[in-house]
Amino acid sequence: IEDDAAALLLKRIGLDFARLDSELAKLAALVGEDGVISRQHVIEMTGISREEQAWAIQDAVLSGNPERAIRTLRELHEVSRQPAELILWSLVDLLRKLHGTSALLRAGHESGDIVRRQRLFGSSRDRVLQLARAGEPARWSSMLRETLRRQHGIRSGYGRNERTLEGITVRIADTLNTLAAG
(Lines give C-alpha, C1' and ligand atoms only; values in the text may rest on other atoms or scores of the structure.)
Protein backbone atom coordinates (compact mmCIF):
# COMPACT_ATOMS: atom_id res chain seq x y z
CA ILE A 1 0.00 0.00 0.00
CA GLU A 2 1.32 3.45 -0.89
CA ASP A 3 1.91 5.86 1.99
CA ASP A 4 -0.71 8.38 0.90
CA ALA A 5 -3.22 5.55 0.38
CA ALA A 6 -2.60 4.30 3.92
CA ALA A 7 -3.01 7.81 5.33
CA LEU A 8 -6.30 8.31 3.49
CA LEU A 9 -7.55 4.90 4.59
CA LEU A 10 -6.81 5.77 8.22
CA LYS A 11 -8.52 9.13 7.81
CA ARG A 12 -11.64 7.54 6.35
CA ILE A 13 -11.84 4.45 8.55
CA GLY A 14 -10.16 5.56 11.75
CA LEU A 15 -8.47 3.16 14.13
CA ASP A 16 -11.20 0.54 14.15
CA PHE A 17 -8.96 -2.46 13.48
CA ALA A 18 -11.80 -4.74 12.39
CA ARG A 19 -12.92 -2.23 9.74
CA LEU A 20 -9.34 -1.58 8.66
CA ASP A 21 -8.75 -5.30 8.25
CA SER A 22 -11.93 -5.65 6.23
CA GLU A 23 -11.16 -2.67 3.99
CA LEU A 24 -7.56 -3.80 3.45
CA ALA A 25 -8.77 -7.27 2.48
CA LYS A 26 -11.20 -5.75 -0.02
CA LEU A 27 -8.49 -3.50 -1.49
CA ALA A 28 -5.98 -6.35 -1.65
CA ALA A 29 -8.48 -8.49 -3.54
CA LEU A 30 -9.00 -5.62 -5.97
CA VAL A 31 -5.32 -5.15 -6.85
CA GLY A 32 -4.35 -8.81 -6.75
CA GLU A 33 -1.37 -10.56 -5.27
CA ASP A 34 1.31 -8.46 -6.99
CA GLY A 35 -0.60 -5.16 -7.02
CA VAL A 36 -0.06 -2.01 -5.02
CA ILE A 37 -2.96 -0.26 -3.30
CA SER A 38 -2.97 3.37 -4.44
CA ARG A 39 -4.75 6.43 -3.11
CA GLN A 40 -7.16 6.20 -6.05
CA HIS A 41 -8.11 2.65 -5.05
CA VAL A 42 -8.94 3.87 -1.54
CA ILE A 43 -11.03 6.74 -2.95
CA GLU A 44 -12.98 4.39 -5.21
CA MET A 45 -13.49 1.55 -2.75
CA THR A 46 -14.08 3.16 0.65
CA GLY A 47 -16.84 5.49 1.66
CA ILE A 48 -16.14 8.90 3.04
CA SER A 49 -16.36 9.35 6.78
CA ARG A 50 -19.22 11.17 8.46
CA GLU A 51 -16.86 14.06 9.19
CA GLU A 52 -15.87 14.34 5.52
CA GLN A 53 -19.51 14.31 4.40
CA ALA A 54 -20.27 17.64 6.08
CA TRP A 55 -17.46 19.30 4.11
CA ALA A 56 -19.25 18.43 0.85
CA ILE A 57 -21.32 21.57 1.38
CA GLN A 58 -18.24 23.67 0.61
CA ASP A 59 -17.89 22.24 -2.89
CA ALA A 60 -21.61 22.68 -3.55
CA VAL A 61 -21.58 26.30 -2.35
CA LEU A 62 -18.37 27.05 -4.27
CA SER A 63 -20.16 25.98 -7.45
CA GLY A 64 -22.14 29.21 -7.16
CA ASN A 65 -25.31 27.24 -7.92
CA PRO A 66 -27.85 27.84 -5.11
CA GLU A 67 -30.01 24.91 -6.24
CA ARG A 68 -27.08 22.49 -6.08
CA ALA A 69 -26.06 23.91 -2.71
CA ILE A 70 -29.56 23.43 -1.27
CA ARG A 71 -29.79 19.91 -2.70
CA THR A 72 -26.46 19.01 -1.07
CA LEU A 73 -27.51 20.66 2.19
CA ARG A 74 -30.74 18.66 2.31
CA GLU A 75 -28.94 15.42 1.47
CA LEU A 76 -26.43 16.05 4.25
CA HIS A 77 -29.05 17.04 6.77
CA GLU A 78 -31.92 14.69 5.93
CA VAL A 79 -30.27 11.63 4.39
CA SER A 80 -26.80 11.51 5.95
CA ARG A 81 -28.10 12.96 9.23
CA GLN A 82 -25.23 15.40 9.56
CA PRO A 83 -25.67 17.72 12.55
CA ALA A 84 -26.57 21.30 11.67
CA GLU A 85 -23.62 22.49 13.75
CA LEU A 86 -21.11 20.54 11.66
CA ILE A 87 -22.58 21.81 8.37
CA LEU A 88 -22.62 25.35 9.71
CA TRP A 89 -19.02 25.00 10.84
CA SER A 90 -18.10 23.99 7.29
CA LEU A 91 -19.79 27.13 5.91
CA VAL A 92 -18.05 29.33 8.49
CA ASP A 93 -14.73 27.72 7.54
CA LEU A 94 -15.37 28.48 3.87
CA LEU A 95 -16.09 32.14 4.61
CA ARG A 96 -13.01 32.31 6.83
CA LYS A 97 -10.90 30.96 3.95
CA LEU A 98 -12.41 33.43 1.48
CA HIS A 99 -11.85 36.37 3.83
CA GLY A 100 -8.29 35.38 4.77
CA THR A 101 -7.34 34.60 1.18
CA SER A 102 -8.78 37.89 -0.07
CA ALA A 103 -6.95 39.88 2.61
CA LEU A 104 -3.65 38.11 1.88
CA LEU A 105 -4.05 38.69 -1.86
CA ARG A 106 -4.70 42.40 -1.26
CA ALA A 107 -1.59 42.52 0.93
CA GLY A 108 0.50 41.22 -1.98
CA HIS A 109 1.22 37.67 -0.81
CA GLU A 110 2.06 35.01 -3.38
CA SER A 111 -0.55 32.36 -4.18
CA GLY A 112 1.68 29.51 -2.97
CA ASP A 113 2.16 31.19 0.40
CA ILE A 114 -1.58 31.84 0.68
CA VAL A 115 -2.43 28.23 -0.16
CA ARG A 116 -0.21 27.02 2.68
CA ARG A 117 -1.33 29.63 5.20
CA GLN A 118 -5.03 29.18 4.50
CA ARG A 119 -4.72 25.39 4.14
CA LEU A 120 -6.35 25.39 0.73
CA PHE A 121 -6.22 22.01 -0.94
CA GLY A 122 -8.03 19.77 -3.32
CA SER A 123 -10.38 20.85 -6.05
CA SER A 124 -11.59 23.91 -4.14
CA ARG A 125 -8.16 25.58 -3.95
CA ASP A 126 -8.29 27.35 -7.32
CA ARG A 127 -11.95 28.30 -6.90
CA VAL A 128 -11.30 29.90 -3.49
CA LEU A 129 -8.38 31.86 -4.94
CA GLN A 130 -10.49 33.02 -7.90
CA LEU A 131 -13.42 34.11 -5.75
CA ALA A 132 -11.20 35.74 -3.13
CA ARG A 133 -9.68 37.87 -5.90
CA ALA A 134 -13.16 38.90 -7.09
CA GLY A 135 -14.47 39.90 -3.66
CA GLU A 136 -13.21 42.44 -1.18
CA PRO A 137 -12.07 41.35 2.31
CA ALA A 138 -14.74 43.61 3.85
CA ARG A 139 -17.47 41.72 1.97
CA TRP A 140 -16.23 38.35 3.23
CA SER A 141 -15.84 39.74 6.73
CA SER A 142 -19.42 41.01 6.68
CA MET A 143 -20.75 37.65 5.48
CA LEU A 144 -18.70 35.84 8.09
CA ARG A 145 -20.02 38.09 10.90
CA GLU A 146 -23.61 37.62 9.71
CA THR A 147 -23.17 33.83 9.54
CA LEU A 148 -21.68 33.78 13.05
CA ARG A 149 -24.61 35.88 14.28
CA ARG A 150 -27.03 33.37 12.78
CA GLN A 151 -25.01 30.52 14.27
CA HIS A 152 -25.47 32.14 17.67
CA GLY A 153 -29.21 32.28 16.97
CA ILE A 154 -29.28 28.55 16.23
CA ARG A 155 -27.39 27.79 19.44
CA SER A 156 -29.72 30.06 21.41
CA GLY A 157 -32.80 28.30 20.07
CA TYR A 158 -34.08 31.09 17.82
CA GLY A 159 -35.68 30.02 14.58
CA ARG A 160 -35.45 26.68 12.83
CA ASN A 161 -32.06 25.15 12.11
CA GLU A 162 -33.08 23.94 8.64
CA ARG A 163 -34.37 27.32 7.47
CA THR A 164 -31.43 29.21 8.91
CA LEU A 165 -28.97 26.84 7.22
CA GLU A 166 -30.84 27.13 3.93
CA GLY A 167 -30.76 30.92 4.13
CA ILE A 168 -27.04 31.01 4.85
CA THR A 169 -26.30 28.47 2.12
CA VAL A 170 -28.32 30.29 -0.55
CA ARG A 171 -26.86 33.68 0.40
CA ILE A 172 -23.27 32.46 0.12
CA ALA A 173 -23.84 30.47 -3.11
CA ASP A 174 -25.70 33.39 -4.71
CA THR A 175 -22.94 35.83 -3.75
CA LEU A 176 -20.32 33.51 -5.24
CA ASN A 177 -22.40 33.15 -8.40
CA THR A 178 -22.62 36.93 -8.76
CA LEU A 179 -18.87 37.36 -8.21
CA ALA A 180 -18.00 34.63 -10.71
CA ALA A 181 -20.26 36.19 -13.35
CA GLY A 182 -18.85 39.70 -12.78
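For the structure, see preceding data.
Parameters and conventions
Residue numbers restart at each chain and count upward from 1, following the sequence in its written direction. Confidence filtering applies because this is a predicted model: local features only for residues at pLDDT of at least 70, side-chain atom pairs given and counted only at 80 or more, and all residues used for totals across whole chains, interfaces and linings. To obtain the side-chain values, all non-hydrogen atoms of the structure were used and water was disregarded. Numbering of helices and strands starts at the N terminus; helices are DSSP runs of H or I of at least 4 residues and strands are runs of E of at least 2. Only protein chains enter the accessibility calculation, which uses a 1.4 Å probe. A residue is then buried if its area is under 20% of the maximum for its type, exposed if over 50%, and partly exposed in between. Note on contacts: a residue pair is in contact if any heavy atoms of the two residues lie within 4.5 Å. Using a 1.4 Å probe, the Shrake-Rupley method yields the accessible areas, and only the shown protein chains count as cover for residues. Lys and Arg are tallied as positive, Asp and Glu as negative. Neither His nor the chain termini are counted. Each charge is placed at NZ for Lys, CZ for Arg, CG for Asp and CD for Glu. Within this scheme, the nonpolar core is defined by two criteria: the residues are buried Ala, Val, Leu, Ile, Met, Phe, Trp, Tyr or Cys, and they are joined through side-chain atoms within 4.5 Å. Definition used for salt bridges: Asp or Glu carboxyl oxygen within 4 Å of a side-chain nitrogen of Lys or Arg. Identification of polar contacts relies on pairs of N or O atoms within 3.5 Å, with a donor-acceptor requirement for protein atoms, meaning one able to donate a hydrogen and the other able to accept it, and with residues adjacent in sequence counted only if both atoms are side-chain atoms. To get an axis, a line is fitted to the C-alpha atoms, and for a helix only the part in contact is used. The angle between two axes follows their N-to-C directions and goes from 0 to 180 degrees. In these notes the angle categories are as follows: under 35 degrees is roughly parallel, over 145 is roughly antiparallel, 65 to 115 is roughly perpendicular, and the rest is oblique. Each helix crossing is assigned a hand: it is left-handed if the near helix lies turned anticlockwise from the far helix by less than a right angle, otherwise right-handed if that turn is clockwise. All residues other than Ala, Val, Leu, Ile, Met, Phe, Trp, Tyr, Cys, Pro, Asp, Glu, Lys and Arg, Gly among them, are scored as polar; the first ten of these are nonpolar and the last four charged.

A. Quick look at the overall build of the chain. If you tally the helices and strands in the chain, you get eleven helices and zero strands. Going from the N terminus to the C terminus, the chain shows its helices and strands as α-α-α-α-α-α-α-α-α-α-α. Counting across all 182 residues of the chain, residues that qualify as buried make up 42%. Counted over contacts in the chain with a minimum sequence separation of 6, partners at least 24 positions apart contribute 68%. Accessible surface for the chain amounts to roughly 10,300 Å². Of this, 50% is attributable to carbon and sulfur atoms. Here the chain carries 27 positive and 25 negative side-chain charges, and the mean point of each set is 9 Å from the other.

B. A look at the nonpolar core. Grouped together as the largest cluster of nonpolar side chains are 35 residues, with contacts concentrated most on Val61, Leu98, Ile172 and Leu176. Broken down by secondary-structure element, the contributors of at least two residues to this core are α5 (56-62), α6 (66-79), α7 (84-106), α8 (111-118), α9 (124-134), α10 (137-156) and α11 (161-181). Per-element accounting of this core gives the leading share, ten residues, to α7. Filtering out sequence-adjacent residues up to four positions away, leucine 176 remains in contact with Val61, Leu62, Gly64, Leu98, Arg127, Leu131 and Trp140.

C. Quick look at the pattern of salt bridges. With the rule as written, the count across this model stands at ten salt bridges. The closest approach of N and O atoms between glutamate 146 and arginine 149, which form a salt bridge, is 2.6 Å. Of this pair, glutamate 146 and arginine 149 both sit in helix α10, three residues apart, roughly one helical turn.

D. Just the side chain of arginine 127, in detail. Assignment of secondary structure puts arginine 127 in helix α9. In this structure arginine 127 is buried but unpaired, with aspartate 59 as the nearest side chain of opposite charge at 8.9 Å. At 3.1 Å, the side chain of arginine 127 forms a polar contact with the side chain of glutamine 130. If we skip the residues at most four places from it in the chain, arginine 127 touches Leu62, Ser63, Gly64, Leu176 and Ala180.

E. Main features of the packing of helix α1 (residues 3-13) against helix α2 (residues 17-31). Where α1 contacts α2, the two axes come as close as 10 Å, and the packing angle between them is 135 degrees. Relative to α2, α1 is oriented oblique. For the element pair α1 and α2, the recorded crossing hand is right-handed. Residues Leu9, Leu10 and Ile13 of α1 form the contact with α2, whose own contacting residues are Arg19, Leu20, Glu23, Leu24 and Leu27. Grouping the amino acids of the contact of α1 with α2 by side-chain chemistry returns six nonpolar, no polar and two charged.

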